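# Secondary and tertiary structure notes
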Amino acid sequence: MDGTARTVNVGLIGLGTVGGGVARTVARHRDEYLAAYGIDLRITRACALEPERARELGFADEAFTSDWREVVGDPDIDIVVELIGGEHPATEIFEQALSAGKHVVSANKALLGRHVERLARLAADNGVQIRCEAAAGGGIPIVNALEHALVGNEILTVAGILNGTTNYILSRMTAEGLDFDEVLADAQRLGYAEADPSADVDGFDAASKVAILSSIAFHTRVTTDDVYCEGIRDVSAADIEQARSLGYAVKLLGIARNTPEGVDARVHPTMIPADHLLSSVNGAMNAVYVVGDAVGETMFYGAGAGSFPTASAVVGDVLALADAICHSDRPQAEIEPYRSVLPLRPVDDLVTRYYIRLTVADEVGALAPVVGVFARNGISISQINQLQDGDGTRCSVVFLTHEASERDVRTARAELAALPGVERVASVIRIEDVAAWTDGAEAND
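Moving on, we come to the overall build of the protein chain. When its secondary structure is counted, the protein chain shows 14 helices and 17 strands. In terms of C-alpha radius of gyration, the protein chain reaches 24 Å, essentially the compact-globule figure of 22 Å for 445 residues. For the protein chain, the spread of C-alpha atoms along the principal axes amounts to about 85 × 50 × 35 Å. Considering the protein chain as a whole, with its 445 residues, one finds that 55% of them fall into the buried category. By sequence separation, contacts in the protein chain at least 24 residues apart represent 74% of the contacts at least 6 residues apart. A total of about 19000 Å² of accessible surface is found on the protein chain, and carbon and sulfur atoms cover 49% of it.

Let us now look at the pairing of strand β13 (residues 351-361). With nine of its 11 residues buried, β13 lies for the most part within the structure. Inspection of the sheet shows β13 paired to strand β16 (residues 404-405) by two bridges, in the antiparallel sense. Within β16, the position partnered with Thr352 by the bridge is Ala404. Sheet analysis places β13 next to strand β17 (residues 422-431), joined by eight bridges and oriented antiparallel. Bridged to Ile356 within β17 is Val428. Where β13 and strand β15 (residues 394-401) come together, seven bridges link them in antiparallel fashion. Its bridge partner lying in β15, Thr359 is registered against Ser396.

Here the structure, examined in full by the defined rule, presents 31 salt bridges. Two residues, Arg42 and Asp40, come together in a salt bridge whose shortest N-O distance is 2.9 Å. For Asp40, a relative accessible area of 9% puts it in the buried group. Between Lys209 and Asp205 there is a salt bridge; the shortest N-O distance is 3.0 Å. Separated by four residues within a single helix, Lys209 and Asp205 lie in helix α10 (residues 204-218), roughly one turn from each other. With respect to class, Lys209 is no different from Asp205; both count as buried.

We now examine the nonpolar core. In this structure, Ile142, Ile169, Leu213 and Val290 are the most contacted members of the largest nonpolar core, which totals 75 residues. For this core, the leading source of residues is α10, giving nine residues. Leaving out residues up to four positions away in the same chain, Ile142 has contacts with Glu133, Ala136, Leu213, Val288, Val290 and Phe300.

What follows covers helix α5 (residues 109-125). Three- or four-residue spacings in an α-helix give side chains the same orientation, since the helix completes a turn every 3.6 residues. Helix length check: α5 (17 residues) gives 22 Å between terminal C-alpha atoms against 24 Å at 1.5 Å per residue, within 8%. Of all the bends in α5, the greatest measures close to 85° and is centred on His115. Restricting attention to buried positions, one finds in α5 the residues Leu111, Leu112, Gly113, Glu117, Leu119, Ala120, Leu122 and Ala123. Where α5 is buried, its residues contact α4 (90-99), β6 (130-131) and α10. Among the residues trailing α5, Gly127 stands out with phi positive, at a value near 70°.

With that settled, consider the sheet that holds strand β3 (residues 64-65). The strands that make up a sheet pair up through hydrogen bonds in the backbone, lying either parallel or antiparallel. Judged by pairing direction, the sheet is parallel, and its six strands sit side by side in the order β3-β2-β1-β4-β5-β6 without closing on themselves. Strands at the two margins of the open sheet, each flanked by one partner only, are β3 and β6. When strand β4 (residues 79-82) meets strand β5 (residues 103-106), the two strands line up parallel, connected through four bridges. Within the sheet, the bridge partner assigned to Ile79 lies in β5 and is His103. Helix-sheet contacts for helix α1 (residues 17-37) involve β1 (6-13) and β2 (39-47), and the interaxial angle to β2 is about 160°.

Parameters at a glance
- Residues numbered from 1 in each chain as written.
- Predicted model: local features only at pLDDT ≥ 70, side-chain atom pairs only at ≥ 80, totals over all residues.
- Heavy atoms only, no water.
- Helix = DSSP H or I, 4+ residues; strand = E, 2+ residues; numbered from the N terminus.
- Rg over C-alpha atoms; globule rule 2.2 N^0.38 Å.
- Buried < 20%, exposed > 50% of the residue type's maximum accessible area, 1.4 Å probe, protein only.
- Contact = heavy atoms within 4.5 Å.
- Areas by Shrake-Rupley, 256 points an atom, 1.4 Å probe, with all protein chains shown as cover.
- Pairing = 2+ DSSP bridges.
- Salt bridge = Lys/Arg side-chain N within 4 Å of Asp/Glu carboxyl O.
- Core = buried A, V, L, I, M, F, W, Y, C linked by side-chain atoms within 4.5 Å.
- Expected span 1.5 Å × (residues − 1).
- Bend = angle between axes of the 7 residues up to and from the residue.
- Axes fitted to C-alpha atoms, helices over the stretch in contact; angles between N-to-C directions.

See below:
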């Protein structure tokens with residue numbers, strides 16, 4: 001460092017949970033940034049709906065605005081931090097900031113999961129960057145690892161627990177034997193789940209993160225709409241107990257694999273071996289498991305949400321840009337987002353094992369037509385268990401399959417639901433072949 005300091009001005013749009021964490025983190029460590037890196041980092045404009053929130057965070061009245069355009073249009077601002085979420089006006093904030101030659105840091109997974117290609121091209125055209133570490137794992141530094149630390153690898157698999165709310169719910173269901181609705185209500189009361197929990201429990205939040213991570217890992221375009229998505233509403237305490245007895249744990253996983261047939265990107269409840277590292281990730285914590293052809297298996301663990309963990313990722317991105325602003329002519333512009341566009345593997349082509357639980361009539365011969373449906377669809381059964389939950393007229397029966405295609409299982413599911421002796425197809429959970437995640441990795445001699 002040459003002993004001089006350059007002031008880097010930041011415009012912070014959004015002073016909610018994460019924005020407040022960013023403001024407090026920068027205020028707490030500003031002197032350290034100056035001493036260690038020669039960066040005089042200042043949040044000079046702050047935007048929120050309520051001026052009282054800005055005052056609470058220590059911003060002077062003249063630094064506050066309720067109009068994001070005043071932040072983006074300020075010629076002294078070097079970096080715009082967008083933390084309001086959603087698509088609008090976040091899209092307009094990105095477009096106007098990038099067009100004005102300002103770098104953008106964001107945690108907006110919903111926006112980036114759908115529109116990062118177009119926004120990255122706009123950034124490249126204007127010689128600036130988009131940084132989004134906080135959008136795909138909260139405080140876990142997974143984007144930086146994929147873009148820098150692991151860049152010497154061909155990434156084979158990215159899989160993980162990418163939503164703290166669903167992991168909290170499944171962890172409590174596992175530990176306490178409770179059903180989904182009961183734990184969800186408690187999670188809402190405690191603030192772990194939103195009043196409308198759809199984004200979390202239906203898998204949409206995790207799907208956005210899978211889109212971002214697979215795009216970065218495989219250097220190809222994957223949008224949120226390309227990710228097969230299924231949530232945890234149909235997972236019951238009975239399913240979790242059956243999984244435990246079979247040596248599995250049930251987790252909502254985001255899975256992205258770079259296969260010879262194309263990119264396999266999906267989010268759904270999954271049975272994985274109880275001794276796998278991801279099975280031990282409990283509560284609201286997140287973890288991302290990455291396999292590279294050279295490095296082999298790695299796992300990144302930490303808080304996937306929250307004020308200060310997410311702020312840690314945001315401020316890390318801001319400092320990376322600020323360092324380049326201070327110590328070079330200008331930061332490198334955003335690179336071409338994708339080297340190529342790989343094909344996407346349809347979920348119907350997935351081949352794996354399945355756990356299928358039916359509620360059926362408790363009478364002699366009720367299973368014969370069920371077994372016939374599986375046979376007609378080429379699905380081989382490895383195990384059948386009748387659960388002790390019947391009332392004399394109906395009961396639950398669990399079928400474990402050998403490897404079968406998703407296409408065949410879906411056809412069989414529809415046929416099973418139409419059988420007179422089947423009250424309902426209560427649950428279908430994929431049993432993941434975790435050994436396949438390391439296909440293509442070099443032997444560690």
